[in-house]
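A closer look at the structure
The lines below spell out each chain.
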Amino acid sequence: MRLTCPICGTRPLEEFTYRGDASVRRPPDFNPKNTGAWVDYVYMRDNPKGPHKEHWFHGGGCSSWLTVERDTVSHEVRSVKLARSARSGGR
Amino acid sequence: MQLSLSQEFSIAAESNFAYQTDSSLERAGQRQVVRAAMDYSVFNLISQGFRGHRGWPRAWRDPEPKPRYDAVIVGGGGHGLATAYYLASEHGIRNVAVLERGHIGSGNVGRNTTIVRSDYLLREELPFYEWSLKLWEGLSRELNFNVMFSQRGVLSLLHSDGDVDDAVRRGNAIQLNGSDAELFSRDKVLRMVPLLDPDNGRFPIYGGLLQKRAGTARHDAVAWGYARAADRLGVDIIQNCEVTAIRRNERGAAIGVETTRGAIAADKVGLAVAGHSSRLASMAGLKLPVESHKLQAFVTEGIKPLLDTALVFGVGHFYISQSDKGGLVFGASLDGYNSYAQRGNLAAVEDTVEAGLHLMPALKRLRLLRHWAGVMDMTMDGSPFICPTPVGGLYLNAGWNYGGFKATPASGWCFAHTIARDEPHPLARHYTLDRFARGYAVDSTGAGPQPNMH
Ligand SMILES: Cc1cc2nc3c(=O)[nH]c(=O)nc-3n(C[C@H](O)[C@H](O)[C@H](O)COP(=O)(O)OP(=O)(O)OC[C@H]3O[C@@H](n4cnc5c(N)ncnc54)[C@H](O)[C@@H]3O)c2cc1C
Ligand SMILES: [Zn+2]
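Residues numbered from 1 in each chain as written. Chains lettered and ligands numbered in written order. Predicted model: local features only at pLDDT ≥ 70, side-chain atom pairs only at ≥ 80, totals over all residues. Heavy atoms only, no water.

1. With respect to the environment of B:Gly448
Within the secondary structure, B:Gly448 sits in the segment after helix H11 (435-438). In sequence terms B:Gly448 and B:Met380 are 68 residues apart; their C-alpha atoms lie 6.9 Å from each other. (Helix = DSSP H or I, 4+ residues; strand = E, 2+ residues; numbered from the N terminus.)

Structural data, given as structure tokens:
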């Protein structure tokens, strides 16, 4: 598997670090009476078999956070975007 | 280490057991073979030997699914089969089916590196794993099937003063929790494993922590042994039967499953599908604190005895043992990203081999025979689930990370209790789904909610 970083081009897997699901959203505020949204954000995952949107870090290259769309069965990479332009939530 | 051209991406089916009856080859609906009770006695072994081992009857039936069971267990891996066995043997619930989408033993129970130990750090984990080790010690006798449990010890290597301090703490915790651990000096380690590179510049050997009662077992035999013993108590083992939906009544409780072989009603549904837990849970509208990841394992060509213990090289997660056929069996870290593919990437192969050569330079001359991967539930704290779920009648056994083979007996034991009594087993009471919301994660590495770090 290789990822095509928008800045560095196609690079081997060893240069990247995986963070996880890019679709989870950090709740806007904290309500001690209702922590459910935070529990979901921190712990719960859809873990799909198929297309998955995920965050990777290009530590061995330009140090950008990337949002990657990848299939978890075929490992086909559909797109790689800079996370800040993908506005994919999380942080 | 060279990768040989004949390298296969296949499961670790080292089938040197002539009595294996591969029921996956037999199509559903085929005439059921009447089982003659035939044991693996010396007499039968010799007489079969003269007949080319062609006369063994099948070791368990191949029944058609019944329309209704008291309980169905989804997943015919080690945990599902052990659960069915203990439901029948400990709780008298015998109208039980195990539903397996492929053939039993084709999942992680047949793909793992077979290390069995109980040297866990936390109070929430050790008593459970220690009970598992005790069950292992009597398992061949209990199942009347040789699972080849070999208590050859598991030796974890230490490479710095910090490592030694940590091992002292861990060893004390293990002893306080009622299990065995022994601190080894550098000399003792080198006497036990002479092929180690002692003066390795980066990771010199400072000592080791040994658990003597730990060891290895024969993975397939564990699946076959539990299957045969459960079958003899009346459990139906139904292969080539994929569960595609969970049926629920108007109150939301589970009342059965839809499968590729038709609908099956059940009072209770237990999930034990290893890497596919999120998929099955989602059929009942549940989301789990789980990511599916894959781990690879490797075996070399068979050689004369080289290593008589199981060795853990914490640097790089590397562990190695020698199978009874002579192959060195080893593995290391996860590939690292969500995956349901039972095949691994080359970056992890390189990493693993590097770690192995660091540890024992002599491995360089060996050829790698096969390597393969298994899909596992990696959880947010590295610990499993054996618990009821918010859906009535639905029970969960999941989240085994890369440590579930050793847990097989205790996991089946506790899960059978949970299904029979509708409550967590005392030994597994920390392994519930709500522990994250309550702030009671069982995280022995302290890695936090990042599944690929556990
Ligand atoms: C490479 C590798 C090395 C490992 N090494 C060790 C080790 O040294 N020590 C240790 O303790 N643990 C180890 N493990 C972990 C251990 O193998 C697993 O935790 C354990 O086997 C999981 O439980 P199981 O045996 O029930 O899983 P499995 O054998 O995977 O059983 C689950 C079954 O569910 C079936 N299934 C899935 N979906 C469906 C469906 N929809 N319908 C019907 N059936 C379904 C699957 O086909 C599968 O057969 C290792 C794992 C891997 C991958
Ligand atoms: Zn880059």
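What follows continues from the structure just given.
2. Description of a nonpolar patch on the surface
All names here are of chain B. Residues Val-42, Ile-46 and Phe-50 make up a contiguous nonpolar surface patch of about 380 Å² in total accessible area. For Phe-50, the position within the fold is in helix H1 (residues 42-50). With a relative accessible area of 74%, Phe-50 lands in the exposed category. (Patch = residues over 30% accessible without salt bridge, like charges linked within 9 Å, V, L, I, M, F, W, Y side chains within 5 Å. Areas by Shrake-Rupley, 256 points an atom, 1.4 Å probe, with all protein chains shown as cover. Salt bridge = Lys/Arg side-chain N within 4 Å of Asp/Glu carboxyl O. Buried < 20%, exposed > 50% of the residue type's maximum accessible area, 1.4 Å probe, protein only.)

3. What about the side chain of A:Thr72?
In this structure, A:Thr72 sits in the loop between strand E5 (65-71) and strand E6 (77-82). From its side chain, A:Thr72 meets the backbone oxygen of A:Pro48 in a polar contact 3.0 Å long. The residues touching A:Thr72, leaving out its near neighbours within four places in the chain, are A:Pro48, A:Lys49, A:Gly50, A:His52, B:Asn338, B:Ser339, B:Tyr340 and B:Ala341. (Polar contact = N/O pair within 3.5 Å; in protein donor to acceptor, adjacent residues only side chain to side chain. Contact = heavy atoms within 4.5 Å.)

4. A short note on the pattern of salt bridges
Per the counting criterion, the structure on display carries 26 salt bridges over all chains. Where A:Asp71 meets A:Arg78, a salt bridge forms, and the shortest distance between an N and an O atom there is 3.4 Å. The exposure class of A:Arg78 is partly exposed, given its relative accessible area of 45%. Where B:Lys294 meets B:Asp335, a salt bridge forms, and the shortest distance between an N and an O atom there is 3.3 Å. Here B:Asp335 lies in the loop between strand E16 (327-334) and helix H9 (346-359) and B:Lys294 lies in strand E13 (residues 290-302), a separation of 41 residues in the sequence. On the basis of relative accessibility, which here comes to 0%, the residue B:Lys294 falls in the buried class. When salt bridges that share partners are traced, they join B:Glu130, B:Lys134, B:Glu137, B:Asp180 and B:Arg213 into one network.

5. Let's talk about the coordination of the zinc ion (ligand 2)
All names here are of chain A. For the zinc ion (ligand 2), every protein donor is listed as Cys-5 (SG), Cys-8 (SG), His-58 (ND1) and Cys-62 (SG), and the spread of their distances is 2.1 to 2.4 Å. Classification of the site at the zinc ion (ligand 2) as tetrahedral follows from its four donor atoms and the range of 102 to 124° in their angles at the metal. Considered as a linear motif, the donors of the zinc ion (ligand 2) on their single chain read C-x2-C-x49-H-x3-C. Here Cys-62 lies in the loop between strand E4 (51-57) and E5 and Cys-5 lies in strand E1 (residues 2-5), a separation of 57 residues in the sequence. Assessed through its relative accessible area of 2%, Cys-5 is described here as buried. (Donors = N, O, S within 2.8 Å, 3.2 Å for Na, K, Ca; no water. Tetrahedral: all angles 85-135°; square planar, octahedral: opposite > 155°, others 65-115°.)

6. Considerations on the confidence of the model for chain B
All names here are of chain B. A residue-level look at chain B finds 92% of positions with pLDDT of 70 or above and a mean pLDDT of 91. The low-confidence segment residues 1-36 (pLDDT under 50) makes 79 contacts with residues lying over four places distant or belonging to another chain. The complex model carries a pTM of 0.92, and its ipTM stands at 0.94. (pLDDT = per-residue confidence, 0-100.)

7. With respect to the nonpolar core
Among the nonpolar cores identified, the biggest contains 57 residues, and B:Phe128, B:Trp136 and B:Tyr226 are the most heavily contacted of them. Contributing elements (two or more residues each) for this core: strand E2 (68-74), helix H2 (78-91), strand E3 (96-99), helix H3 (126-137), helix H4 (139-143), helix H5 (161-176), helix H7 (219-232) and helix H10 (404-421) of chain B. A per-element tally of this core places H7(B) first, with eight residues. For this core, the two domains that each supply at least three residues are domain 1 (61-146 + 218-290 + 381-453) and domain 2 (154-214 + 292-379) of chain B. Beyond its immediate sequence surroundings of up to four residues, B:Phe128 is in contact with B:Ile386, B:Trp400, B:Ala407, B:Ala410, B:Ser411, B:Cys414, B:Leu427, B:Ala428 and B:Tyr431. Grouped together as the second largest cluster of nonpolar side chains are 33 residues, A:Val39, B:Val243, B:Ile264 and B:Leu396 included. (Core = buried A, V, L, I, M, F, W, Y, C linked by side-chain atoms within 4.5 Å. Domains from an automatic or database assignment.)

8. Quick look at the packing of aromatic side chains
Residue and element names in this part refer to chain B. Enumeration over the complete set of coordinates arrives at 23 aromatic pairs over all chains. Aromatic side chains Tyr-40 and Phe-145 sit 5.8 Å apart centroid to centroid with 80° between the ring planes, which places their arrangement in the edge-to-face category. Taken together, the residues span a long stretch of sequence, with Tyr-40 in the loop between strand E1 (2-8) and H1 and Phe-145 in the loop between H4 and strand E5 (154-158) at a distance of 105 residues. With a centroid separation of 5.8 Å and an interplanar angle of 70°, the aromatic rings of Tyr-86 and Tyr-226 are classed as edge-to-face. Remark: Tyr-226 occurs in helix H7 and Tyr-86 occurs in helix H2; sequence separation between them is 140 residues. Taken together through their ring pairs, the aromatic side chains of Tyr-85, Tyr-86, Trp-131, Tyr-226 and Trp-413 make up a single cluster. (Phe/Tyr/Trp six-rings, centres within 6.5 Å; stacked < 30°, edge-to-face > 60°.)

9. Brief notes about the layout of surface pockets
Estimated volume of the second largest pocket: approximately 820 Å³. What lines the second largest pocket is a set of 35 residues, and nearest its centre among them are B:Ser333, B:Leu334, B:Asp335, B:Gly336 and B:Asp351. Listed by contribution, the elements that provide at least two residues to the lining of the second largest pocket are strand E3 (17-21) and E4 of chain A together with E16 and H9 of chain B. The greatest single-element share of the lining of the second largest pocket, amounting to eight residues, is contributed by H9(B). Of the residues in the lining of the second largest pocket, the class split is 17 nonpolar, 11 polar and seven charged. Structurally, the lining of the second largest pocket is a two-domain feature, drawing no fewer than three residues from each of domain 1 (61-146 + 218-290 + 381-453) and domain 2 (154-214 + 292-379) of chain B. (1 Å grid on protein atoms, 1.4 Å probe; cavity = no way out; pocket = protein on both sides within 12 Å on 5 of 7 lines; lining within 4 Å. Points joined across faces, edges and corners; volume = space filled by probe spheres on them. Nonpolar A, V, L, I, M, F, W, Y, C, P; charged D, E, K, R; others polar.)

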